[in-house]
Amino acid sequence: MTKKAQGDSDREPLAPGFRTRAIHVGGEVDPATGAVVPPIHFASTFRQPGAGQWGQYDYSRSGNPTRTALQSTLASLESEGTQHCAGALAFSTGMAAIHAVTMLLRSGDHVVAGTDIYGGAYRLLHQICDASGIRVTLVDMTDLDAVEAAIQPETKLIWGETVGNPRLTVPDLPAIANIAKRHGVMTGVDNTFGTPALMRPLSWGIDIVMHSATKYLGGHSDCLGGTLAVADRDLLDRLYFIQNATGAVLDPMSCFLVSRGLKTLDLRVREQSATAMQLATWLESHERVRTVIYPGLVSHPQSELAHRLFDQGTPNDHKRFGAMITFELDGSLETVRDACQNTRLFHLAVSLGAVESLIEQPATMSHASYAPEDRAKHGITDSLIRLSVGLENIDDLKNDLQQAFGA
Ligand SMILES: *Cc1c(COP(=O)(O)O)cnc(C)c1O
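Residues numbered from 1 in each chain as written. Predicted model: local features only at pLDDT ≥ 70, side-chain atom pairs only at ≥ 80, totals over all residues. Heavy atoms only, no water.

The protein chain is annotated in an unreviewed UniProt entry as Cystathionine beta-lyase/cystathionine gamma-synthase from Aporhodopirellula rubra. Under the UniProt heading Sequence similarities (unreviewed entry), the entry covering the protein chain gives this text: "Belongs to the trans-sulfuration enzymes family." In UniProt, the protein chain has this text filed under Cofactor (unreviewed entry): "pyridoxal 5'-phosphate". (UniProt positions renumbered as here; feature names shortened; annotations may be inferred.)

The following block contains the structure:
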């Protein structure tokens, strides 16, 4: 707009690519020393120019240069085409970030959330937010009619995930954003599994994008963190106010680690996804495997949608679909548990998104707190196994699974 007013050409300048922004936005050279990696600012407080006069930073809960650097990088990575991200906020954990979103709500407000949202989000909504008089309806987010039907006059937020857990469902979030806009409801999505490398939901009209930075953004299983990115300036200001008032900010060391992780995010996620695609294909043809759920396979229930929403702008034969695989091994709960326990490279652990591959059994681990009948309802069978594919050589990963299945 301003450019036009100044009489410039109509063409927007070409934005640098995703990888370039991941390295150069936010990580500006330190003017004092020329250091190409900015120093980590551990200071809790900042000297002011005068009483009642405020410098750029005053106190590290309100703002810290190392946090600003991370937030600028992330805001740039969440922007897409003409859809600019107004800004990002870095929280102490992913849960703190989701909690900040729920603090936008008031007593009597209603939330529509996906049936397969992250267990921690489910617990937050049902065992913390309920005490503030916030009501929740869970719906199958792949059923657009069900999403719309669940909206009540008091509905203020629709909360979903770009990729569900553990059955890796892919909801039509651009369509959900449209439904929400028609009803004047805010939308928030957890894009932890999708990552900004493969999915940028602000460009679909989603209002708030959340990540557990503990996972792919950090990418090395060595720090916790959570982020929010929003398209609207006023919404950013309200969330910043909540964060500053309640205090769940990300510490400088973790900000640095997540910033470092972002520099290789695209590289890691693409390589991990390529390995995951090959592993998923191999698993699908394995005699011990009953079913494989992977968004890149044509057998995935939302395969077409996944091809539309993942890695937009990349030709089909180069598209990446994330590095999470869920599959059913032939056998009882015990047989499957043994297989998970017998891997040597895949670590038996919850969490995901790091360079080392992880394996877990949802029925006994990530989703153990569900009642057995709820697990059945959500398709979390005893024989389900979830993989987070890392950066190891694919042959080593295949061999590891092969020997674990046989043991
Ligand atoms: C891990 C995770 C969270 C919670 O993040 P923390 O950093 O552990 O608080 C939320 N959503 C998803 C999808 C996750 O995997």
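A. Structural detail: empty space enclosed by the protein. Applying the stated criterion across every chain, the model contains two cavities of 30 Å³ or more. Val163, Leu168, Phe193, Pro295, Phe310, Phe321, Gly322, Ala323 and Met324 together form the lining of the largest cavity. Looking at which domains feed residues into the lining of the largest cavity, each of domain 1 (18-263) and domain 2 (266-406) gives three or more. Considering only enclosed or pocket space, the second largest cavity measures out at about 30 Å³ in volume. (1 Å grid on protein atoms, 1.4 Å probe; cavity = no way out; pocket = protein on both sides within 12 Å on 5 of 7 lines; lining within 4 Å. Points joined across faces, edges and corners; volume = space filled by probe spheres on them. Domains from an automatic or database assignment.)

B. Region of interest: the layout of surface pockets. The computed volume of the largest pocket comes to approximately 650 Å³. Listing elements by their share of the lining of the largest pocket, those giving two or more residues are helix 4 (94-102), helix 5 (119-127) and strand 6 (208-212). Broken down by element, the residue count for the lining of the largest pocket peaks at five residues, all from helix 5. The class makeup of the residues in the lining of the largest pocket is eleven nonpolar, 13 polar and six charged. There are two domains that each give the lining of the largest pocket at least three residues, and those are domain 1 (18-263) and domain 2 (266-406). (Helix = DSSP H or I, 4+ residues; strand = E, 2+ residues; numbered from the N terminus. Nonpolar A, V, L, I, M, F, W, Y, C, P; charged D, E, K, R; others polar.)

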